[in-house]
Amino acid sequence: MGLRDHFHPPLHPVHHWESFHSNWATRIADALNETWLPRDYLAEEHTHVGVQCEIDIATFEHTDAARVAQIASTTGRTSPHWSPPPPRHQVALAVPDSFEVRVVSDTGGATLVGVIELVSPANKDRAEHQRAFATKCAGFLHQGVSVVVLDVVTTRTANLHNAIVSLLGVESARMPESVHLYGAAYRPVAREGETQMDVWCAPCAVGEALPTLPLRLRGDLFVPVDFESTYQEACRRRRIPG
């Protein structure tokens, strides 16, 4: 049967695309962990929808009054209170939806080596959201992290692959403007003292099988991201008819 349209009847709104994308990300992570990834690599799904900022360095507030009093009596001090001046500007910040699988290497500590992005409608609906998604992917690539993107959203026509390569200044890798469903893989690589990017592209269509795309782990070590088999497994688990 190949790819179904998850954003129009008869699947929508009976089967919610958010639930399906989340489940699909899990199936992709499971397939990588069970079949392809070496023992020192791990794939995990990572999803959030709507306004949410990720915290890299977190501080925690302890509200236990007895504990605070104990620290004060022991050290003779309490934490100083400081307030910043009013901000000069308050502006909207586009935070992209994330339906993704992250692959990390635990050799010498957890290091992010690859990201698989499942595009959501919100990623494509406005120029600032498209730019935020492209910036996020470009940021991974600039850090040497390989990226794979799959877009099966039928309700928006923006091509985020084109937004990514335009942001990176690689206009030669653009897809035709008529392509709205696709998969793409990006591999940053150093060759002869120059940083380059290898790009794989595959148009997709409702009713057709989804592609298998390469995800680089390190050097020339790649694993396949089999979107078709993981998609069919997600459909089976969500009782989506063929």
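These lines cover the structure that appears in this document, whether it is placed above or below. (Residues numbered from 1 in each chain as written. Predicted model: local features only at pLDDT ≥ 70, side-chain atom pairs only at ≥ 80, totals over all residues. Heavy atoms only, no water.)

Moving on: the pattern of salt bridges. Enumeration according to the criterion identifies 14 salt bridges in this entry. A salt bridge links Glu128 to Arg126; its shortest N-O distance comes to 2.9 Å. For Arg174, the salt bridge is made with Glu177, and the minimal N-O distance between the two is 2.4 Å. Residue class for Glu177 comes out exposed when judged on its relative accessible area of 52%. Each of Glu100, Arg102, Glu117 and Lys136 takes part in salt bridges that share partners, so that together they form one network. (Salt bridge = Lys/Arg side-chain N within 4 Å of Asp/Glu carboxyl O. Buried < 20%, exposed > 50% of the residue type's maximum accessible area, 1.4 Å probe, protein only.)

This part covers the packing of helix 1 (residues 17-36) against helix 6 (residues 227-237). As a packed pair, helix 1 and helix 6 sit with axes 9 Å apart at the nearest point and diverge in direction by 130°. Relative to helix 6, helix 1 is oriented oblique. As helix 1 runs across helix 6, the sense of the crossing is right-handed. Each of Phe20, Asn23, Trp24, Arg27, Ile28 and Ala31 in helix 1 lies in contact with helix 6, whose residues at this interface are Phe227, Thr230, Tyr231, Glu233, Ala234, Cys235 and Arg237. In terms of residue class, the contact of helix 1 with helix 6 is made up of eight nonpolar, two polar and three charged. (Axes fitted to C-alpha atoms, helices over the stretch in contact; angles between N-to-C directions. Helix = DSSP H or I, 4+ residues; strand = E, 2+ residues; numbered from the N terminus. Parallel < 35°, antiparallel > 145°, perpendicular 65-115°, else oblique. Left-handed = near helix turned anticlockwise from the far one by under 90°. Contact = heavy atoms within 4.5 Å. Nonpolar A, V, L, I, M, F, W, Y, C, P; charged D, E, K, R; others polar.)

Let us look at the sheet that holds strand 1 (residues 41-48). In space, the six strands of this open sheet follow the order 1-2-3-4-5-6, with mixed pairing throughout. The outermost strands of the open sheet, each flanked by one partner alone, are strand 1 and strand 6 (194-203). Adjacent strand axes in the sheet meet at a mean angle of 15° when their direction is disregarded. Running over the sheet, helix 4 (residues 127-142) touches strand 2 (98-105), strand 3 (111-118), strand 4 (146-151), strand 5 (182-191) and strand 6 and is turned about 150° from strand 3. (Pairing = 2+ DSSP bridges.)

Counting across every chain of the model gives seven aromatic pairs. Considering the side-chain rings of Trp200 and Phe222, the 6.0 Å spacing of their centres and the 75° angle between planes classify their relative orientation as edge-to-face. Separated by 22 residues along the polypeptide, Trp200 in strand 6 and Phe222 in strand 8 (residues 221-226) bring together distant segments of the chain. Overall, Phe222 belongs to the partly exposed group, its relative accessible area being 28%. (Phe/Tyr/Trp six-rings, centres within 6.5 Å; stacked < 30°, edge-to-face > 60°.)

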